[in-house]
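Spelled out, the chains give:
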Amino acid sequence: MIKMIQASTLNALMLGNFDCTTSVDSFLKEADTGIGTYTGLDGEAIFENGVAYRATADGNVTVMSPEDGVAFGTVANFDTTVPVEKLENISSIEVLKEKLAPYVEKNPNIFYMLKATGTFGKMHVRSCYACEKPYPTLSEAASHQKEFQYQNVSGSVIAVYCPPYVEGINLPGWHFHFLSQDKTTGGHILGLQADSLSLQLNPILDWELLLPENPEFASRDLCEDLSAKTAAVEGNAKH
Ligand SMILES: [Zn+2]
């Protein structure tokens, strides 16, 4: 059975807990695919084929070291033997979500990991700058986010679907990250367009949560309803 492994909670990240939850090495011990962010909110994390990539706010992609820290993330050991589905005429991220809905609506109360490859006519991503302590909230940090728009770029969308009841712990619905095929560009997806995509979807029934051991996490109230702020920070372009 495929297991979804998660580091920290989304509310902790929202409130500015950007400390290390786990190392890249241990996070990927039983997983090879997923998304997240690193210690200090230093770039967007894309885990592909067991490699930890970081898409930074200066528009580059670097490979992380095993000892580097993951602040928040969601990964799984992706089953590449599942059937490949084709999606056509994906004119926007909203259309992509609509086209994914039939795959999820059979059971929206479990998790899904998605990997989609293709050439994107448009790819609009963002990444955040690394933050210094005392850390700001994610909303404050994201107000300085850098956005990049690429045309005709090939690569992978790696995305996680979480059920609605995880509000506060992870992001309900879809959360998409991008990594170009040449591993030079990537980030958290704000918009996209593609004529055709090949995708594989893993339904996931097993969810493991790794919690931070740091004092900031210990002292926070993580019950606040941040859902409106979360939706804004994860979905919005700055302009
Ligand atoms: Zn993201």
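Structure's up top.
In this text the structure is predicted, and so the values were computed from the model without any measurement.

## A short note on the packing of aromatic side chains
This structure, assessed with the given rule, holds nine aromatic pairs. Ring plane angle 70 degrees and centroid distance 6.1 Å describe the contact between Y38 and F47, whose orientation is recorded as edge-to-face. By relative accessible area, Y38 is classed as buried at 1%.

## Concerning helix α3 (residues 93–104)
Its 12 residues give α3 an end-to-end C-alpha distance of 16 Å, which sits within 8% of 16 Å, the value for a rise of 1.5 Å per residue. On its buried side, α3 packs onto β8 (85–90), β9 (111–127), β10 (146–162), β11 (173–180) and β12 (186–204). N-capping of α3 is provided by S92, with a side-chain oxygen placed 3.3 Å from the backbone N of E94.

## Remarks on the coordination of the zinc ion
Note on the zinc ion: its protein donors are H175 (NE2), H177 (NE2) and H188 (ND1). The metal-donor distances range over 2.0 to 2.1 Å. We note that the donor set of the zinc ion lies within a single chain, spaced as H-x1-H-x10-H. Taken as a pair, H177 in strand β11 and H188 in strand β12 lie far apart in primary sequence, 11 residues in all. A relative accessible area of 2% places H188 in the buried class.

## What about the pattern of salt bridges?
Tallying each qualifying case throughout the model produces nine salt bridges. Between E30 and K3 there is a salt bridge, with its nearest N and O atoms 3.2 Å apart. Taken together, the positions of E30 in the loop between α2 (24–27) and β3 (33–38) and K3 in strand β1 (residues 3–7) put the pair 27 residues apart, joining distant regions of the chain. A salt bridge links K133 to D19, with the nearest nitrogen and oxygen atoms 2.9 Å apart. In this pair, K133 sits in the loop between β9 and α4 (138–142) while D19 sits in the loop between α1 (10–14) and β2 (22–23), placing the two residues 114 residues apart along the sequence. Classification of K133 as partly exposed rests on a relative accessible area of 48%. A relative accessible area of 10% places D19 in the buried class.

## Some details on the environment of K3
In this structure the C-alpha to C-alpha distance between K3 and E30, which are 27 residues apart in sequence, comes to 8.5 Å. Here K3 is in contact with E30, V75, A76, N77, I204, D206 and E208, once residues within four sequence places are set aside. At 3.2 Å, the side chain of K3 and the side chain of E30 are in polar contact. A polar atom in the side chain of K3 sits 2.7 Å from the side chain of E208.

## So, the environment of V63
Its place among the elements puts V63 in strand β6 (residues 61–63). By relative accessible area, which is 53% here, V63 ends up exposed. Considered as a pair, V63 and I46 are 17 residues apart in the sequence and their alpha carbons are 9.7 Å apart. Excluding residues within four positions of it along the chain, V63 makes contact with V51, A52 and Y53.

## A few points about unusual backbone geometry
The residue after K133, namely P134, is reached through a cis peptide bond having omega -5 degrees. Following the sequence through the fold, P134 ends up in the loop between β9 and α4. A positive phi angle, near 65 degrees, is found at S8, a position not held by glycine. Along the chain, the position of S8 falls in the loop between β1 and α1. Using a relative accessible area of 1% as the deciding quantity, one classes S8 as buried.

Calculation rules
- Residues numbered from 1 in each chain as written.
- Predicted model: local features only at pLDDT ≥ 70, side-chain atom pairs only at ≥ 80, totals over all residues.
- Heavy atoms only, no water.
- Phe/Tyr/Trp six-rings, centres within 6.5 Å; stacked < 30°, edge-to-face > 60°.
- Buried < 20%, exposed > 50% of the residue type's maximum accessible area, 1.4 Å probe, protein only.
- Helix = DSSP H or I, 4+ residues; strand = E, 2+ residues; numbered from the N terminus.
- Expected span 1.5 Å × (residues − 1).
- Contact = heavy atoms within 4.5 Å.
- Polar contact = N/O pair within 3.5 Å; in protein donor to acceptor, adjacent residues only side chain to side chain.
- Donors = N, O, S within 2.8 Å, 3.2 Å for Na, K, Ca; no water.
- Salt bridge = Lys/Arg side-chain N within 4 Å of Asp/Glu carboxyl O.

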